[in-house]
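Fold and contact review
Each chain, written out:
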Amino acid sequence: MAYQVSIFLENKIGHLRKITTLLAENQINIRTMNLTHTSNDWGVLNLIVDFPDKAHQVLNSQNFSVALREVIALEMDDHPGGLDNLLGKVEAAGVNFTNAYSRILKAGGEAFLILDSADTEQAREKLKKLGLAPLDDETVYGK
Amino acid sequence: MFWERNIETLEKDQLQVLQSERLARTLNQAVQAPFYKKIFEEYQVDPKKIKRSSEIKNLPFTTKQDLRDNVPYGLLTIDQKEVIRLHCSSGTTGNPIVVFHTRHDIDSWSNLMARSLFAAGVRDTDVFQNICGYGLFTGGLGFQYGCETLGCLSIPAGAGNTARQIKLMQDYGTTAIHAIPSYLNRLHEFIVAKGMDARKDLKLKKMMIGAEPYTEEQRVRIQEMFGIKAYNSYGLTEMNGPGVAFECECQSGLHIWEDAYIVEIIDPKTLEPVPDGEIGELVMTTLDRHAVPILRFRTRDLTRIIPGKCDCGRTHKRIDRITGRTDDMFIVKGCNVFPMQVEAVLLQIPEVANNYMIKLETINDNSEMIIEVEVLSNWFRGDIARLDGLKKQIEHGIRNEVLVKPIIRMVEAGSLPVSEGKAVRVQDLRNLN
Ligand SMILES: [Zn+2]
């Protein structure tokens, strides 16, 4: 089960950098990121890192509002039609998601897609029925 | 069960007759004071021409500033040898105001206080611990004399020294207490820290609370902590002190004793009366005080008359818990807003609780009310949907309460100043010129 680190963030200059600096100082590697901003002055930063628990603890100790959130990582190919092919299967499984972002593991080779669903458990079951197993944590975290 | 059935259940028309008689007497008395003598001349008021309590509207208001300007003897109507006590209000700005009492005044006040306690269910069999400052502050001696008049075993414990308070409660089996709500929180923390259970290890049956602003939610929390009822008390030094208005056992508003006071609720801007049920400034006239009668005193406290009759059978009007002070009121989009109304909404939302700030800003030439809420780790789960839902919930709640749609700003944890429980969290940043 992969976890994303979600941090509440005000849309102000320097706020994002404070987080990346803190993680850098603690030798935490950011594998991929995604920033969702609403029409308001705030948003949520989502990170896939090599050590989510440590990142959570470090950010929490600096008084950030941070949560560990379970997500689903699915393998896909880094070539034309790779994402389309995967989304076709997700659609067939009837899985709804509220956020999605990706990372390439090897150019022209593998990549993975992160899906954030309101009901991760149920989404995982649905995907499993179509033979789509989530990627192992080691690959996602890059260990 | 009444302390004085005939007075407390007097029909409206008879109550008005009594008020009119007493008002005439009060005006005759008031004119003996240098301040009112001057005012009556200035406004060409002939006290003899005011025959009915409803005609009180022809008199000018008395403000806190008037009292301050006439310290020490400007409002005293009689020879100082008749005076047996004085009380001062805590003056944070300028002169503290002073009120003198004759023996009649003290007896009348003690009786009102006993009547109030009786209405809240206190009896002569109770052991009453008054946890509040004695001395110039009226909460100490006011409750003390009321308890003695009622016949309770009174414990004049005074304020502070929590360990001793609890020891007194244990040693003498205290059944009723009077304290400010914030102290009751501290008292309860102390009880828990000592490994005691307030519900089991003490004999408390009821609490009287007042003398500082608090919300209904705070009262409910205090009742839950101790497992007993807490009754609201209202009073102010200018009108004696405690015993002006008190909750009966129905806990549906505070009966304000109309044989001793004429009560008006006015719009603080237009100074016109507001209909029953609407919030406005409480204005009071003493009807049974000899040394220092005060006419149409603007209390600056905001409340409303609760329409309808109380189930207890008392006919005296009920006022609501004080909603705030006229000094705190602000106007946004043409609506009068009292911070406590906003606070009451926010306290009901667990995610918000005490982590908010009300800001007034000018945005695109419009006056806007902004509510800043801290997003805290203990409820943040990383989803935007929940934040949006919370935003809508706050917007909706506040709009229903004060008729102004606020702008909700979610801010990072630690962005808001740490405030003391009592501070009013409003910042007015508007360019009002
Ligand atoms: Zn009642």
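Here's what I pulled together on the structure shown here. Throughout, a residue's number is its position along its own chain's written sequence, starting from 1. Working convention: letters from A go to chains and numbers from 1 go to ligands, in the order in which they are written. Given that this is a predicted model, residues contribute local features only at a pLDDT of at least 70 and side-chain atom pairs are listed and counted only at 80 or more, while totals for whole chains, interfaces and linings are drawn from all residues. Computation of side-chain values covers all heavy atoms of the structure but excludes hydrogens and water.

Right, let's talk about the overall build of chain A for a bit. Within chain A, the regular secondary structure consists of five helices and six strands. Within chain A, the proportion of its 143 residues that are buried is 46%. Whether two residues are in contact is decided by their heavy atoms: any pair within 4.5 Å suffices. When contacts within chain A are restricted to residue pairs at least 6 apart in sequence, long-range pairs at least 24 apart make up 69% of them. Per-residue accessibility takes into account occlusion by the displayed protein chains alone, with areas from the Shrake-Rupley method and a 1.4 Å probe. Surface summary for chain A: the accessible area is close to 7500 Å², and the carbon and sulfur share equals 48%. Strands are runs of DSSP state E lasting at least two residues, helices are runs of H or I lasting at least four, and both sets are numbered from the N terminus onward. Burial classification: accessible surface area is computed with a 1.4 Å probe over protein chains only, and a residue below 20% of its type maximum counts as buried, one above 50% as exposed, and the rest as partly exposed.

Okay, the sheet that holds strand β8 (residues 245-247) of chain B next. All names here are of chain B. When DSSP locates at least two bridges between a pair of strands, those strands are taken to pair. Strand order in the open sheet made by the nine strands is β4-β3-β5-β6-β7-β8-β9-β14-β13, with mixed pairing throughout. Two strands bound the open sheet, and with one partner strand each, they are β4 (153-155) and β13 (305-306). Direction of pairing for strand β9 (residues 254-256) relative to strand β14 (residues 318-319): antiparallel, over a ladder of two bridges. Of the residues in β14, the one forming a bridge with His255 is Arg318. Axis lines are fitted through C-alpha atoms, for helices just across the contact stretch, and the angle between N-to-C directions can take any value from 0 to 180 degrees. Relative to the sheet, helix α8 (residues 181-193) contacts β5 (176-179) and β6 (206-209), its axis offset from that of β5 by approximately 120°.

Moving on to helix α9 (residues 216-226) of chain B. Residue and element names in this part refer to chain B. All of the buried residues along α9 are Glu217, Arg219, Ile222, Gln223 and Phe226. Tucked inside the fold, the buried residues of α9 contact α8, β6, β7 (229-234), β8 and α10 (339-347). Where α9 ends, the next residue or the one after it, Gly227, has phi of about 70°, a positive value.

What follows deals with the side chain of Arg85 of chain B. All names here are of chain B. The topology assignment puts Arg85 in strand β1 (residues 83-88). Here Asp and Glu are counted as negative and Lys and Arg as positive; His is not counted, and neither are the chain ends. Whenever Lys or Arg places a side-chain nitrogen within 4 Å of a carboxyl oxygen from Asp or Glu, that contact is recorded as a salt bridge. Within the buried set, Arg85 has no salt-bridge partner at all; the shortest N-O distance to an opposite charge, 8.4 Å, is to Glu148. As used in this structure description, the phrase polar contact means that two N or O atoms lie within 3.5 Å; if the pair is within protein, one of them must be able to donate a hydrogen and the other to accept it, and residues adjacent in sequence are counted only when both atoms belong to side chains. A distance of 3.0 Å separates the side chain of Arg85 from the side chain of His87, its partner in a polar contact. In contact with Arg85, not counting residues within four places along its chain, are Val99, Phe100, His101, Ile106, Trp109, Leu141 and Tyr145.

As a further point, take unusual backbone geometry. Residue and element names in this part refer to chain B. For the bond running from Val71 to Pro72, omega is 0°, close enough to zero to count as cis. By the secondary structure assignment, Pro72 is in the loop between α4 (64-69) and β1. If you check the backbone angles, Arg296 has positive phi at about 45° while not being a glycine. In this structure, Arg296 sits in the loop between β11 (280-286) and β12 (297-303). Using a relative accessible area of 5% as the deciding quantity, one classes Arg296 as buried. In this model, Leu403 sits at a positive phi of 65°, which is unusual for a non-glycine residue. A relative accessible area of 65% means that Leu403 is categorised as exposed.

The next point concerns a nonpolar patch on the surface. Residue and element names in this part refer to chain A. Residues qualify for a patch when their relative accessible area is over 30% and they have no salt bridge, like charges being joined within 9 Å and the nonpolar side chains of Val, Leu, Ile, Met, Phe, Trp and Tyr within 5 Å. Together, Met1, Tyr3 and Leu68 make up an exposed nonpolar region whose accessible area comes to about 260 Å². Note on placement: Tyr3 falls in strand β1 (residues 2-10). Overall, Tyr3 belongs to the partly exposed group, its relative accessible area being 30%.

So, about the coordination of the zinc ion. Residues and elements named next belong to chain B. Only N, O and S atoms count as donors, using a 2.8 Å cut-off from the metal and 3.2 Å for Na, K and Ca, and because water is excluded some sites may appear unfinished. Here the zinc ion is held by the protein donor atoms Cys248 (SG), His255 (NE2), Cys310 (SG) and Cys312 (SG), which lie 2.1 to 2.3 Å from it. On the primary sequence, the residues serving as donors to the zinc ion are separated as C-x6-H-x54-C-x1-C. Taken together, the positions of His255 in strand β9 and Cys312 in the loop between β13 and β14 put the pair 57 residues apart, joining distant regions of the chain. Residue classification places His255 among the buried residues on the basis of a relative accessible area of 0%.

The interface is formed by 20 residues belonging to chain A together with 18 residues belonging to chain B. What gets called buried area is simply the loss in accessible area from a 1.4 Å probe that two parts show on being joined, summed for both. Between chain A and chain B, the buried area comes to about 1500 Å², and carbon and sulfur atoms account for 56% of it. A per-residue breakdown of the area chain A buries against chain B is headed by Phe8, Trp42 and Ser65 of chain A, which together make up 37% of the total. Viewed at the interface, chain B and chain A are joined by zero salt bridges. Here chain A and chain B share eight residue pairs in polar contact (both at pLDDT 80 or more) between them. For the side of chain A that touches chain B, the elements supplying multiple residues, two or more each, are β1, α1 (15-25), β3 (42-49) and β4 (66-77) of chain A. Residues were grouped as follows: Ala, Val, Leu, Ile, Met, Phe, Trp, Tyr, Cys and Pro as nonpolar; Asp, Glu, Lys and Arg as charged; and all remaining residues, including Gly, as polar. By residue class, the composition of the side of chain A that touches chain B is eight nonpolar, eight polar and four charged.

With that settled, consider the pairing of β3 of chain A. Residues and elements named next belong to chain A. Taken across its eight residues, β3 has eight buried, putting it largely inside the fold. Along β3, one buried face is formed by Trp42, Val44, Asn46 and Ile48 and the opposite face, lined by Gly43, Leu45, Leu47 and Val49, is buried too. As defined by bridge partners, β1 adjoins β3 across six bridges and the pair is classed as antiparallel. Across the sheet, residue Glu10 finds its bridge partner in β3, namely Trp42. Pairing of strand β2 (residues 30-37) with β3, which is carried by seven bridges, proceeds in the antiparallel orientation. Within the sheet, the bridge partner assigned to Asn34 lies in β3 and is Asn46. Counting the residues that bridge the hairpin from β2 to β3 gives four residues.

Moving on, we get to the packing of α1 of chain A against helix α2 (residues 52-61) of chain A. If you want to describe how two helices pack, look at the angle between their axes and the distance between the axes. Residues and elements named next belong to chain A. Remark: α1 packs on α2, axes separated minimally by 10 Å, with the N-to-C direction vectors making an angle of 120°. By the criterion of interaxial angle, the relationship of α1 to α2 is oblique. With respect to the hand of their crossing, α1 and α2 are arranged in right-handed fashion. Here α1 contributes Ile19, Leu22 and Leu23 to the contact with α2, which in turn contributes Ala55, Val58 and Leu59. Partitioned by chemical class, the residues of the contact of α1 with α2 number six nonpolar, no polar and no charged. With respect to orientation, any angle under 35 degrees is reported as roughly parallel, any angle over 145 as roughly antiparallel, any angle of 65 to 115 as roughly perpendicular, and every other angle as oblique. With the far helix as reference, a near helix turned anticlockwise by less than a right angle produces a left-handed crossing, and one turned clockwise produces a right-handed crossing.

Let us look at α2 of chain A. Residues and elements named next belong to chain A. Along α2, the residues that are buried comprise Pro52, Ala55, Val58 and Leu59. For α2, the arc enclosing every buried residue in end-on projection is 130°, short of the 170-degree limit, so these residues lie on one face. Among the exposed residues of α2, those pointing more than 90 degrees away from its buried face are Asp53, Gln57 and Ser61. Asn63 sits one or two residues past α2 and shows a positive phi near 70°. The directions considered for the arc run from the helix axis to the C-beta atoms.

By themselves, these figures tell us nothing about what the structure is for.
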